[in-house]
Amino acid sequence: MSDGTIAATAPAERAGAGGLVRSLSLLDATMIVVGSMVGSGIFIVSADIARQVHSPGLLLIVWLVTGVMTVIGALCYSELAAAMPAAGGQYVYLREAFGPLWGFLYGWTMLLIIQTATIAAVAIAFAKFTGVLIPWFSSAAWLWQIGTFGPYRLWFGELGPYTVGLNTQNLLAILSIIVLTWVNLRGIRTGALVQNVLTLTKTGALVGVIVLGVAFATDTALTANFGHFLEPAQPGPGTGVGGTDWLGLLTVIGVAMVGSLFAADAWNNVTFVAGEVKDPERTLPRSLALGTGLVIAIYLLANVAYLCVLPLRGTPDGATVLDRGIQFAAEDRVATAVAEVAFGHSGGVLMALAVMISTFGCNNGLILAGARIYYAMARDRMFFASVGALNRHLSPALALLVQGAWASVLCLSGTYGQLLDFLIFSVLLFYILTIGGIFVLRRTRPGMARPYRTWGYPVLPAIYIAVALFIEVQLLRYKPQYTWPGLIIVLLGMPVYWVWKKVREEG
């Protein structure tokens, strides 16, 4: 897009173009960052990471590298957010740096899998933990089963099988999406209030897990984990990677980061609501730094707490929580296992409540923010014009409804689990492009107002891009069944874009 176009549109966007009202404070924006990041991942993914790295030290290194990447990414996005504080956030940055095609591809992928599949998976996690308290909500309790499809054997691996239909678990998941969509139809202030309350509550729950780790540390775990803290990585199940050489070690860490990157993702969601943030040039960089820094610190301390209570190594058929360890915690519920060591069965109930609050709050943030991307696309005539309309509460109503409907379909399809596996490759791809956009815009638009400039430029952005590219290559090598589908979905957006562009021009 030309400089002239930017000059014409920027004042309207800064004023809240299209009727959007700048009402979100620093606290609201920070709670969106924190609340969107903290879902179910931190409570469960450490088990899968532990099965791949086989080392307490490497478990923490995986989370530390994830944290460093996340904070660097947030610092980089701060420059773009302060310079272009418009609804749609990352969509706008890609559009301005690389042209409308790349903005469209991002919006296409967000609607098709990244945002909506995440919403579906988080909703299913909410329903799954509700089932701990109310067993009627179960994936085995079918109300309407259409059938099982697959597995499908393709050149990159096997997909499926997928059992499609409605059970009591995904029914509750869909109902939770409907409720949160309705909440956000009531306006940005209502959604932000719900977000603030739920985020503060679940942050307190995570702090409680950390306290449990200190108060109920076991001799078994302390001896096993901190007596053998750093050991050479061994091949993880199904990864085909490992070894004691540096490249093998880095590969193990990179492949194992899929879970931690997912758990730490969605920090960029606050940029989607940039058109509704007060004093965005100052508020957005601060909220990104505060939010990501807080979450990463809590995540690292939570994993230290896990290692204080549970031995990393365990056996899948262990008779006790300590026998199963972190690696084979029941259904990967590591935080629940810690709570059970402290309080027995009632600990599992308390943790189920904590995860229910966490996932419900996470989805509120995802639903609130995600709709603004499709709203911004519609305003650019990259999506149906009606999606760019606001209701009487100044919320993008149809964008919220489209997002909620597709996320609900993904709940029904039974594909949300594998769709989540596809996500990280696509997410990292767009992070790489967006951070690369800083270099492009510094060269092509040197006169752009930049209230905040990326700290450590150009070194830190270059480090992020290099590390992310390394992870992408390793995922293509060792987990092709999870990476090729995500790449294919992105590429399929190209013909869709050209068709849409042609129809728009003819119309």
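Per-chain numbering applies: the sequence of each chain, read as written, is numbered from 1 onward. Side-chain atom pairs in this predicted model are given and counted only at pLDDT of 80 or more, local residue features only at pLDDT of at least 70, and totals for whole chains, interfaces and linings cover all residues. The side-chain figures draw on all heavy atoms in the structure; neither hydrogens nor water molecules are used.

A few points about the pairing of strand β4 (residues 162–167)
Threshold: Throughout, exposure labels follow a simple rule: accessible area from a 1.4 Å probe, protein chains only, divided by the maximum for the residue type, with under 20% read as buried, over 50% as exposed, and the rest as partly exposed. Here a strand is any run of E in DSSP of at least two residues, a helix any run of H or I of at least four, and the numbering for each starts at the N terminus. Pairing between two strands requires that DSSP report at least two bridges joining them.
In terms of residue burial, β4 counts as a mostly covered element, since 5 of its 6 residues are buried. When strand β1 (residues 142–149) meets β4, the two strands line up antiparallel, connected through 6 bridges. The partner of glutamine 145 across the bridge, within β4, is glycine 165.

Focus on the packing of aromatic side chains
Short version of the rule: Each pair of aromatic rings taken from Phe, Tyr and Trp, with Trp reduced to its six-membered ring, is defined by centres within 6.5 Å and is described as stacked if the planes are under 30 degrees apart, edge-to-face if over 60, and tilted in the remaining cases. In this scheme, the term charge over a ring applies when either NZ of a lysine or CZ of an arginine sits within 6 Å of the ring centre and within 35 degrees of the ring normal.
Taken as a whole and assessed by the stated rule, the structure comprises 16 aromatic pairs. Pairing tyrosine 106 with phenylalanine 430 gives two aromatic rings, centres 5.2 Å apart and planes at 75°, and the pair type is edge-to-face. Taken together, the positions of tyrosine 106 in helix α6 (residues 100–133) and phenylalanine 430 in helix α17 (residues 416–444) put the pair 324 residues apart, joining distant regions of the chain. Phenylalanine 430 gets classed as buried once you look at its relative accessible area, which sits at 1%. The rings of Tyr77, Tyr93, Trp267 and Tyr431 are connected pair by pair, giving a single aromatic cluster. A cation over an aromatic ring shows up here: arginine 333 above the ring of phenylalanine 129, its NZ or CZ 4.8 Å from the ring centre. Positioned above the aromatic ring of tyrosine 457 is the side chain of arginine 442, whose terminal nitrogen or guanidinium carbon lies 3.9 Å from the ring centre.

Regarding the side chain of asparagine 364
Defined as follows: A 3.5 Å cut-off defines polar contacts: any pair of N or O atoms within that distance qualifies, except that in protein one atom must be a possible hydrogen donor and the other a possible acceptor, and neighbouring residues in sequence count only when both atoms are side-chain atoms. Any two residues whose heavy atoms approach within 4.5 Å at even a single point are treated as in contact.
Along the chain, asparagine 364 falls in helix α15 (residues 345–379). Overall, asparagine 364 belongs to the buried group, its relative accessible area being 0%. Within the local environment of asparagine 364, its side chain forms a polar contact with the side chain of glutamine 195, the two groups lying 2.8 Å apart. With residues near it in sequence (within four places) discarded, asparagine 364 still touches Leu180, Val183, Asn184, Gly191, Val194 and Gln195.

Looking at the packing of helix α9 (residues 219–226) against helix α12 (residues 280–309)
To keep it simple, the criterion reads: Between N-to-C directions, angles cover 0 to 180 degrees, with each direction set by a line fitted to C-alpha atoms, over the stretch in contact for helices. When an angle is under 35 degrees it counts as roughly parallel; over 145 it counts as roughly antiparallel; between 65 and 115 it counts as roughly perpendicular; any other value is oblique. Three classes are used: nonpolar for Ala, Val, Leu, Ile, Met, Phe, Trp, Tyr, Cys and Pro, charged for Asp, Glu, Lys and Arg, and polar for all others, with Gly counted as polar.
Packing of α9 against α12 leaves a shortest axis separation of 6 Å and a crossing angle of 110°. It follows from the interaxial angle that α9 and α12 lie roughly perpendicular. Listed contacts from α12 to Ala221, Leu222, Asn225 and Phe226 of α9 are Leu307, Cys308 and Val309. Partitioning the contact of α9 with α12 into residue classes produces 6 nonpolar, 1 polar and no charged.

Digging into the state of the cysteines
In protein chemistry, a disulfide is the covalent bond that joins the sulfur atoms of two cysteines. In plain terms, the rule: The criterion for a disulfide is a pair of cysteine sulfur atoms lying within 2.5 Å.
Using the criterion set out here, one finds 0 disulfides in the structure. Cysteine 362 forms no disulfide, and the closest cysteine sulfur to it belongs to cysteine 411, at a distance of 13 Å.

Examining the confidence of the model for the protein chain
Close inspection of predicted coordinates is inappropriate for parts of the model with low pLDDT. Condition: A score between 0 and 100, pLDDT records how confident the predictor is in each residue.
Scored by pLDDT, the protein chain comes out at a mean of 90, with 92% of its residues at no less than 70. For residues 1–17, every residue scores under 50 in pLDDT, and the model assigns this stretch 22 contacts once sequence neighbours within four places are set aside. Contacts for the low-pLDDT stretch residues 233–243, under 50 throughout, to residues beyond four places or in other chains number 31 contacts.

What about the pattern of salt bridges?
As a reminder of what qualifies: Should a side-chain nitrogen of Lys or Arg be within 4 Å of a carboxyl oxygen of Asp or Glu, the pair is scored as a salt bridge.
The final tally for this structure, using the stated rule, is 13 salt bridges. Notably, a salt bridge pairs aspartate 28 with arginine 189, separated by 2.7 Å at the nearest N-O pair. Here aspartate 28, found in helix α2 (residues 26–37), pairs with arginine 189, found in helix α8 (residues 188–215); they are 161 residues apart in sequence, far enough to count as distant. Residues aspartate 380 and arginine 95 are paired through a salt bridge, measuring 2.4 Å at the closest nitrogen-oxygen approach. Of this pair, aspartate 380 sits in the loop between α15 and α16 (397–413) while arginine 95 sits in helix α5 (residues 90–98), and the two are 285 residues apart along the sequence. Take aspartate 380: its relative accessible area is 26%, and that puts it in the partly exposed class.

Topic: the nonpolar core
Condition: What we call a nonpolar core is a set of buried Ala, Val, Leu, Ile, Met, Phe, Trp, Tyr and Cys residues that are connected through their side-chain atoms within 4.5 Å.
In this structure, Ile42, Tyr299, Tyr306 and Leu428 are the most contacted members of the largest nonpolar core, which totals 147 residues. Broken down by element, the residue count for this core peaks at 17 residues, all from α6.

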